[in-house]
Amino acid sequence: GGMGAVYLARNSRTQQLVAVKVLPPKKAKAEERLIARFRREMELCQKVDHPHLTKTYDVGVQGDVHYIVMEYIPGSNLYRLVSEQGPLAVGRAARLFCEVTLGLEHAHGLGLIHRDLKPSNVMVTPDDRAKVLDLGLALMQGETGSDRTVVGGAGYVVGTLDYLAPEQAEDAVQVDFRTDIYSLGCSLYFTVAKQAPFPGGNALQKLLRHRCDEPTPLSEVNPDVAPEFAAVIGRMMAKKKEERFADAGEVRAALEPWCDRQVKAITMRISPVPAILPMNGPGEVVVAPPPPPAPFVAPTTDSLQLRSKPTPADPTPDMPLPAVVVEPATEGRPLTNSLPRGDVPFWLDFTLPVCASGLLLFALWLLGLWALLRR
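Residues numbered from 1 in each chain as written. Predicted model: local features only at pLDDT ≥ 70, side-chain atom pairs only at ≥ 80, totals over all residues. Heavy atoms only, no water.

**Quick look at the overall build of the protein chain**
Looking only at helices and strands, the protein chain has eleven helices and twelve strands in total. Counting the 375 residues in the protein chain, one finds 47% classified as buried. Looking at the protein chain alone, contacts between residues at least 24 apart form 70% of all its contacts between residues at least 6 apart. Of the roughly 18700 Å² of accessible surface on the protein chain, 57% is carried by carbon and sulfur atoms. (Helix = DSSP H or I, 4+ residues; strand = E, 2+ residues; numbered from the N terminus. Buried < 20%, exposed > 50% of the residue type's maximum accessible area, 1.4 Å probe, protein only. Contact = heavy atoms within 4.5 Å. Areas by Shrake-Rupley, 256 points an atom, 1.4 Å probe, with all protein chains shown as cover.)

In structure tokens, the structure reads:
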């Protein structure tokens, strides 16, 4: 993830598989602020207890390693599931997101604002249930950016750009529960469309589109989505938070009529289990680096914490957009204006070198002809 590493471990007493998130000592020594933030995550994780939120079993420090022991959730995150299998049927998507709203309602009831809801932070288990991951960017209602443990504040954009509410882009701490509802709407849009509401573009373009533009109508992206269901997503993604659903309970009430009632076990591609980390007695975790390459891939955490500064000429005076110094990563690929090497079409990858070689040979032939004529 962005701050720590996640290991698969087994409790030697109970034989239960768990996920162990650790803050590597080198990172902690390099920036003491990371220790404060990791400890904050350790504290927030222990506050929640709900079937649709990842459970935390233990937190602590062993030597100079800070760790969080969480439940291991087999299955696939929603982003990978949709990317590999295509858009989900409306009934299944509505049911999964109803379960997400149940977990979200529990967190909101404790005063927690997630601030990073996205498809890769929703795990879908083999029995087709949803669980929300990662409270690393969560904010307690009423907190300010002046607290050194809070991620955000002046000069920072916090969240993931494809799912970022307009008000969260302006000020990462001036948010409320409706901010999560916007991100939930973007995630649901992706789930039934297999694309983010505002795909492509750089960081600033994405921020502007979240604030000013409407996404491509779902009827054009996926004709199987009924206009009434698209309207529910549209209200979740309203630009003004006053126009969204007031809370997660209202979202669930709007989604329930669309839910399929049949839950079936589904076939998923699950990452192979690596060598299990040893336990140093009941409840004590021994953390050791995995042998490279690590076969266990933790759910991606491409959340961004961008250091930014005001632009000299603001294109929208009523919203001071930052000039992003570090380009963030989207769910699928880096946010750059150039294609990654693997995305270059085969014919282009093959033709360019051949054409360049042909032009060079032609130039040499002309040079030889010119020398011959001079004689």
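**Some details on the side chain of Glu 99**
Tracing the chain through its elements places Glu 99 in helix 4 (residues 90–109). Here the side chain of Glu 99 touches Arg 129 through a polar contact of 2.5 Å, side chain to side chain. With residues up to four places along the chain from it excluded, the contact list for Glu 99 reads His 52, Asp 128, Arg 129 and Ala 130. (Polar contact = N/O pair within 3.5 Å; in protein donor to acceptor, adjacent residues only side chain to side chain.)

**Some details on the sheet that holds strand 7 (residues 122–124)**
On the basis of which strands lie adjacent, the open sheet formed by three strands has the order 5-7-8 and antiparallel pairing. Both edges of this open sheet fall to strand 5 (76–77) and strand 8 (130–132), since each of them pairs with a single strand only. Bridge analysis of strand 7 against strand 8 gives three bridges, and the strand direction is antiparallel. Note on strand 8: the bridge partner recorded for Met 123 is Lys 131. Seen against the sheet, helix 4 touches strand 7 and strand 8 and runs at an angle of roughly 40° to strand 8. (Pairing = 2+ DSSP bridges. Axes fitted to C-alpha atoms, helices over the stretch in contact; angles between N-to-C directions.)

**Some words on the environment of Gly 75**
Structurally, Gly 75 can be placed in the loop between strand 4 (65–71) and strand 5. Owing to a relative accessible area of 13%, Gly 75 belongs among the buried residues under this scheme.

**As for the packing of helix 6 (residues 177–193) against helix 9 (residues 227–236)**
Their axes nearest at 7 Å, the elements helix 6 and helix 9 cross at an angle of 145°. Touching Ile 181, Tyr 182, Leu 184, Gly 185, Leu 188, Tyr 189 and Val 192 of helix 6 are Phe 229, Ile 233 and Met 236, all from helix 9. Of the residues that constitute the contact of helix 6 with helix 9, the class distribution is nine nonpolar, one polar and no charged. (Nonpolar A, V, L, I, M, F, W, Y, C, P; charged D, E, K, R; others polar.)

**Description of the pattern of salt bridges**
In the structure shown here, the tally under the stated rule is 15 salt bridges. Across the pair Arg 95 and Asp 260 runs a salt bridge, and its minimum N-O distance is 2.5 Å. Taken together, the residues Arg 95 in helix 4 and Asp 260 in the loop between helix 10 (248–255) and strand 11 (304–310) connect sequence positions 165 residues apart. Residue Arg 95 is classed as buried on the basis of its relative accessible area of 7%. Residue Arg 244 pairs with Glu 167 through a salt bridge whose shortest N-O separation is 2.8 Å. Placement of the pair is Arg 244 in the loop between helix 9 and helix 10 and Glu 167 in helix 5 (residues 166–170), with a sequence separation of 77 residues. You'll find Arg 244 and Glu 167 in the same group, each marked buried. (Salt bridge = Lys/Arg side-chain N within 4 Å of Asp/Glu carboxyl O.)

**As for the environment of Gly 234**
Its location among the elements puts Gly 234 in helix 9. Judged by relative accessible area, which is 39%, Gly 234 ranks as partly exposed. When the C-alpha atoms of Gly 234 and Arg 244 are compared, they prove to be 8.7 Å apart, with ten residues separating the residues in sequence.

**Some thoughts on unusual backbone geometry**
Despite not being glycine, Gln 15 has its phi angle at roughly 65°, a positive value. Topologically, Gln 15 is positioned in the loop between strand 1 (5–10) and strand 2 (17–23).

**So, helix 9**
Residues that lie three or four places apart on an α-helix share one face, since the helix turns once every 3.6 residues. Taken together, the buried positions of helix 9 are occupied by Phe 229, Val 232, Ile 233 and Met 236. All buried residues of helix 9 lie within an arc of 95° about the axis, which places them on one face of the element. Where helix 9 is buried, its residues meet helix 4, helix 6, helix 8 (218–221) and helix 10. (Arc of directions from axis to C-beta.)

**Remarks on a nonpolar patch on the surface**
Together, Phe 362, Trp 365, Leu 366, Leu 369, Leu 372 and Leu 373 line one region of the surface with nonpolar side chains, adding up to about 660 Å² of accessible area. A relative accessible area of 39% places Leu 366 in the partly exposed class. (Patch = residues over 30% accessible without salt bridge, like charges linked within 9 Å, V, L, I, M, F, W, Y side chains within 5 Å.)

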